[in-house]
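# Fold and geometry: a report
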Amino acid sequence: MCTAQRHYQKDADGLCTQLTKSLPKKGKQEFCIDTKSFIDAGWVIQEQELQLNETIGKGEFGDVLLGVYRGEKVAVKMLKDSSVEAQKFLTEALLMTSLRHENLVELLGLVLNEKHLLLVTEYMGKGSLVEYLRSRGRLHVTKKDQINFAVDTCSGMEYLEFRKVVHRDLAARNVLISEAGVAKVADFGLAREENYIVDAGKLPIKWTAPEALRQGVFSNKSDMWSFGVLLWEIYSFGRVPYSRIPLIDVVKHVEKGYRMEAPECCPPEIYEIMRQAWDLLPDRRPTFKDVKTKLAQLKVVTIN
Ligand code: ADP
Ligand code: MG
């Protein structure tokens with residue numbers, strides 16, 4: 001039994017089901033998988049049903065391929081060989097099975113067999129939001145597009161807030177755009193239930209709230225901080241935040257009161273939301289529900 005499995009058996013740690021069974025593999029590998037609940041719930045896809053095509057992205061766990069499943073284009077995340085990665089990969093999958101919303105990238109199923117561990121999700125034809133913004137820029141991305149991306153992302157996050165799930169890695173690189181132009185939140189690799197405490201080793205510093213960086217305490221309010229940075233990315237057409245500050249100094253500056261300026265031509269109402277999201281006191285930050293209402297109002301008056 002691997003350490004992670006012992007841990008998960010003790011308390012479910014924000015997973016929707018406990019990991020109860022391990023699949024020993026040849027050599028050093030050992031996957032801890034709740035195979036039974038995946039199978040029972042109908043999440044297992046037979047490999048023959050899945051056609052794999054070209055690589056469309058590189059993820060933390062391995063390549064992302066374009067595939068075809070039941071006549072539809074799908075994205076397939078392949079797992080690199082490593083049991084630690086397998087654990088995170090399956091955590092992501094388990095969490096995704098319990099979440100469903102039009103602004104969250106949908107899990108379609110998993111291939112679980114001796115050779116492969118594949119995560120099959122809906123295909124998001126226009127790629128990541130940050131690439132979308134950078135490649136099209138201010139000539140092609142309209143005010144209407146920007147407010148739509150903001151509302152879509154906020155709606156997905158409002159649902160996570162309602163479900164008491166914390167994303168912990170919200171950023172424009174982790175929002176994907178469908179062929180129809182709808183923005184959906186992706187990448188639940190770090191998502192957990194509220195107030196789950198982690199060590200700060202691999203955190204996305206420029207997107208993470210100070211209390212999460214310093215004390216490892218994440219909440220829907222720390223996601224709101226990240227959402228403020230995401231809004232800044234949308235309205236700056238995908239620029240890198242705090243580009244003139246060395247990474248190690250960002251949190252010090254922020255704690256002393258430094259905040260990014262409003263991007264050029266950013267509506268004042270949007271910048272006001274950023275400033276509220278970047279309050280050092282988590283409780284003073286707005287909820288996603290509040291922000292969604294404000295953004296929806298702004299959307300109505302945004303013509304093009
Ligand atoms: P990781 O978080 O492990 O780094 P991501 O989920 O962010 O991996 O995926 C890496 C890249 O692969 C994305 O930036 C995107 O370009 C592409 N990609 C991932 N999922 C999809 C999808 N469902 N549809 C289209 N492209 C995707
Ligand atoms: Mg990612």
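Note that residues are indexed from 1 along each chain, following the sequence as it is written. Note on labels: chains are lettered from A, ligands numbered from 1, in written order. The predicted origin of the model limits local features to residues at a pLDDT of at least 70 and limits the giving and counting of side-chain atom pairs to 80 or more, whereas totals for whole chains, interfaces and linings rest on all residues. Working from all heavy atoms in the structure, the side-chain values ignore hydrogens and water.

### Concerning the site of ligand 1
- Each residue is tested against the molecule or strand, and it is near if at least one of its non-hydrogen atoms lies within 4 Å. As a structural note, the neighbourhood of ligand 1 is formed by 17 residues, with E60, K77, E122, M124 and D187 the closest of them.
- N or O atoms within 3.5 Å of each other form a polar contact, as long as, within protein, one can give a hydrogen and the other can take it, and as long as residues adjacent in sequence are counted only when both atoms are side-chain atoms. Separating a nitrogen atom of ligand 1 from a backbone N or O atom of M124 is a distance of 2.9 Å.
- With respect to ligand 1, the side chain of D187 contributes an N or O atom lying 2.5 Å from an oxygen atom.
- Areas reported as accessible are Shrake-Rupley estimates using a 1.4 Å probe. Residue values count occlusion only from the protein chains shown. The fraction of the free accessible surface of ligand 1 (550 Å²) that becomes covered by protein chains is 83%.
- Put simply, DSSP H or I for four residues or longer makes a helix, DSSP E for two residues or longer makes a strand, and each gets a number counted from the N terminus. Looking at the shell around ligand 1, the elements that each hand over two or more residues are β3 (50-58), β5 (72-78) and β7 (117-122).
- It is β3 that contributes the most residues to the shell around ligand 1, 3 residues altogether.
- Residues are sorted three ways: Asp, Glu, Lys and Arg are charged, Ala, Val, Leu, Ile, Met, Phe, Trp, Tyr, Cys and Pro are nonpolar, and all the rest, Gly among them, are polar. A per-class count over the shell around ligand 1 returns 7 nonpolar, 5 polar and 5 charged.
- How far each domain reaches was decided by an automatic or database domain assignment. When residues of the shell around ligand 1 are sorted by domain, at least three fall in each of domain 1 (3-122) and domain 2 (129-301).

### Topic: the nonpolar core
- Put simply, a nonpolar core is a bunch of buried Ala, Val, Leu, Ile, Met, Phe, Trp, Tyr and Cys residues held in one set by side-chain atoms that sit within 4.5 Å of each other. Only protein chains enter the area calculation, which uses a 1.4 Å probe; residues under 20% of their type maximum are buried, those over 50% are exposed, and those in between are partly exposed. Counting residues in each nonpolar core, the largest one holds 74 residues, and the members touching the most others are L129, F227, I270, W278 and L295.
- The dominant element in this core, judged by the number of residues it contributes, is helix α7 (residues 220-235), at 9 residues.
- A domain split of this core shows at least three residues from each of domain 1 (3-122) and domain 2 (129-301).
- When neighbours within four sequence positions are excluded, F227 is seen to be in contact with A150, T153, C154, L170, F288, V291 and L295.
- By size, the runner-up hydrophobic cluster in this structure holds 9 residues, among which are L50, L65, V76 and V111. Note on definitions: a residue-residue contact is assigned when non-hydrogen atoms from the two residues lie within 4.5 Å.

### Let's talk about the packing of helix α9 (residues 268-277) against helix α10 (residues 288-301)
- In this analysis an axis means a line fitted to C-alpha atoms, helices contributing only their contacting stretch, and an angle means the value between N-to-C directions, from 0 to 180 degrees. It is the contact of α9 with α10, at a shortest axis distance of 11 Å, that shows an interaxial angle of 170°. In terms of orientation, α9 lies roughly antiparallel with respect to α10. Listed contacts from α10 to E269, I270, I273 and Q276 of α9 are V291, K294, L295 and L298.
- The class makeup of the residues in the contact of α9 with α10 is 5 nonpolar, 1 polar and 2 charged. Should an angle fall under 35 degrees it is called roughly parallel, over 145 degrees roughly antiparallel, and 65 to 115 degrees roughly perpendicular, with every other angle called oblique.

### Some details on the confidence of the model for the protein chain
- Confidence in the prediction for the protein chain averages 85 pLDDT; 82% of positions are at 70 or higher.
- Scored from 0 to 100, pLDDT reflects the predictor's confidence in each residue. Per-residue pLDDT stays below 50 along residues 1-31; that stretch engages in 72 contacts with residues further than four places along the chain or on separate chains.

### Quick look at the pairing of strand β4 (residues 63-69)
- Of all the 7 residues making up β4, 5 are buried; the element is thus mostly covered by neighbouring parts of the structure.
- Between β3 and the antiparallel strand that follows it, β4, lie 4 residues; G62 among them carries a positive phi value of about 150°.
- When β4 meets β5, the two strands line up antiparallel, connected through 6 bridges. The residue of β5 that forms the bridge with L66 is A75.
- We call two strands paired when DSSP finds no fewer than two bridges between them. The hairpin turn running from β4 into β5, its antiparallel successor, is 2 residues long, and R70 in that turn takes a positive phi close to 50°.

### Considerations on the pattern of salt bridges
- Salt bridge, as used here, is a side-chain nitrogen of Lys or Arg placed within 4 Å of a carboxyl oxygen of Asp or Glu. Inspection of every chain in the model, using the stated rule, returns 12 salt bridges.
- Note that K77 and D187 form a salt bridge whose closest N and O atoms lie 3.6 Å from each other. Of this pair, K77 sits in strand β5 while D187 sits in the loop between β10 (183-185) and β11 (192-193), and the two are 110 residues apart along the sequence.
- By relative accessible area, D187 is classed as partly exposed at 26%.
- Put simply, E179 and K126 hold a salt bridge, and the shortest N to O gap is 3.9 Å. Here the residue E179 occupies a position in the loop between β9 (175-177) and β10, and K126 occupies one in the loop between β7 and α4 (129-140), the gap between them amounting to 53 residues.
- Its relative accessible area of 51% is what places E179 among the exposed residues.

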